[in-house]
Amino acid sequence: MTTDRALLDALAHLVDRLDPTPEVLAHRARTALAERTDATPMRLLTDSAHTTPPGVRGRGSSRTLRFAGLDLQLDHVDNGLHATGLISPTTLPALTGLVLVCRPGGETRARIDTDGWFHVDHVPFGPVRFVLHAPARDLATPWFTA
């Protein structure tokens, strides 16, 4: 008699042989799991996508998000979005001057100036998060849809 575990192992072996997982998919899965645990989360305080000012119809070409320690503005441009960020003065001294814009399958890097400003071109529509590098521990926004 075959145990459930032995049957599952035999089925997994058959699937791996007949339809192996593409290496790029395995790499993306490992990257996604690593991104989930390596940064201190920054709490979302406000998002203009969830509020519409009185008397305004439709959506503007800009979206503003405020996180604990970071103000972010996303502007529509020809090839996606342009991000402008300002890091709060209390958060800024702990940073190394680098921000990452993470998306599934890649990232874009930008420098943070001495006043706490950064600009990132070609931010894609879809899931993104911003990671601010700090010597002790990185700070990261939650994933959101840009």
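Fair warning: this is a prediction, and the values are worked out from it, not measured in the lab.

Definitions and limits used
- Residues numbered from 1 in each chain as written.
- Predicted model: local features only at pLDDT ≥ 70, side-chain atom pairs only at ≥ 80, totals over all residues.
- Heavy atoms only, no water.
- Helix = DSSP H or I, 4+ residues; strand = E, 2+ residues; numbered from the N terminus.
- Contact = heavy atoms within 4.5 Å.
- Areas by Shrake-Rupley, 256 points an atom, 1.4 Å probe, with all protein chains shown as cover.
- Salt bridge = Lys/Arg side-chain N within 4 Å of Asp/Glu carboxyl O.
- Buried < 20%, exposed > 50% of the residue type's maximum accessible area, 1.4 Å probe, protein only.
- Core = buried A, V, L, I, M, F, W, Y, C linked by side-chain atoms within 4.5 Å.
- Polar contact = N/O pair within 3.5 Å; in protein donor to acceptor, adjacent residues only side chain to side chain.
- Phe/Tyr/Trp six-rings, centres within 6.5 Å; stacked < 30°, edge-to-face > 60°.
- Pairing = 2+ DSSP bridges.
- Axes fitted to C-alpha atoms, helices over the stretch in contact; angles between N-to-C directions.

*Asks:* Is there a simple way to think about the overall build of the protein in this case?
*Replies:* The secondary structure content of the protein amounts to two helices and eleven strands. Its helices and strands in sequence order give the protein the pattern α-α-β-β-β-β-β-β-β-β-β-β-β, from N to C terminus. If you take every contact in the protein between residues at least 6 apart in sequence, the share linking residues at least 24 apart comes to 49%. For the protein, the computed accessible surface area is about 9,900 Å², with 57% contributed by carbon and sulfur atoms.

*Asks:* I tried to follow the pattern of salt bridges on my own but got confused; where do I start?
*Replies:* Note on pairing: side chains with opposite charge can pair once their charged atoms come close. In total, this model carries four salt bridges according to the counting rule given. Between Arg 5 and Asp 9 there is a salt bridge whose closest N-O contact spans 3.1 Å. Of the two residues, Arg 5 and Asp 9 both sit in helix 1 (residues 4–18), four residues apart, roughly one turn of that helix. A residue is classified by how much of its surface remains accessible, and Asp 9, at 38% relative accessible area, is partly exposed. One salt bridge in this structure joins Arg 66 and Asp 71, with 2.7 Å as the shortest N-O distance. By relative accessible area, Asp 71 is classed as partly exposed at 30%.

*Asks:* What exactly am I supposed to notice about the nonpolar core here?
*Replies:* Side chains of nonpolar character tend, in soluble globular proteins, to be buried together. Counting 25 residues, the largest nonpolar core has Leu 72, Leu 74, Phe 118, Phe 130, Leu 132 and Phe 144 as its most contacted members. Listing elements by their share of this core, those giving two or more residues are strand 3 (62–67), strand 4 (70–77), strand 5 (80–87), strand 6 (98–103), strand 8 (117–123) and strand 9 (127–132). Phe 144 has contacts with Arg 63, Leu 65, Phe 67, Leu 72, Leu 74, Gly 126, Pro 127, Val 128 and Phe 130, leaving out every residue within four places of it along the chain. Counting residues in each nonpolar core, the second largest holds five residues, with Ala 39, Cys 102, Val 131 and Ala 140 among its members.

*Asks:* Help me understand the side chain of Asp 47, please; the structure alone is not making it clear to me.
*Replies:* Its location among the elements puts Asp 47 in strand 2 (residues 44–47). Asp 47 gets classed as buried once you look at its relative accessible area, which sits at 7%. One polar contact links Asp 47 to Arg 63, side chain to side chain, over a distance of 2.5 Å. Filtering out sequence-adjacent residues up to four positions away, Asp 47 remains in contact with Arg 63, Thr 64 and Leu 65.

*Asks:* How should the packing of aromatic side chains be read in this particular structure?
*Replies:* Each aromatic ring pair is described using two quantities: the centre-to-centre distance and the angle formed by the ring planes. Going through the model one piece at a time under the given rule, you end up with three aromatic pairs. A ring pair is formed by Phe 67 and Phe 144, whose centres lie 6.1 Å apart and whose planes are at 40°; its orientation type is tilted. With a gap of 77 residues between them, Phe 67 in strand 3 and Phe 144 in strand 11 (residues 144–145) connect regions that are remote in the sequence. With respect to burial, Phe 67 and Phe 144 carry one shared label: buried. Their ring planes at 10° and their centres at 6.2 Å tell us that Phe 130 and Phe 144 sit as a pair that is stacked. Of this pair, Phe 130 sits in strand 9 while Phe 144 sits in strand 11, and the two are 14 residues apart along the sequence. For the pair shown, Phe 130 and Phe 144 are each scored as buried. The structure contains a cluster of three or more aromatic residues connected by ring pairs, namely Phe 67, Phe 118, Phe 130 and Phe 144.

*Asks:* Help me understand the sheet that holds strand 3 in this model?
*Replies:* Strand order in the open sheet formed by five strands is 2-3-4-5-8, with antiparallel pairing between adjacent strands. Of all strands in the sheet, those with a lone pairing partner are strand 2 and strand 8, marking the two edges. This sheet shows a mean twist of 15° between the axes of neighbouring strands, independent of strand direction.

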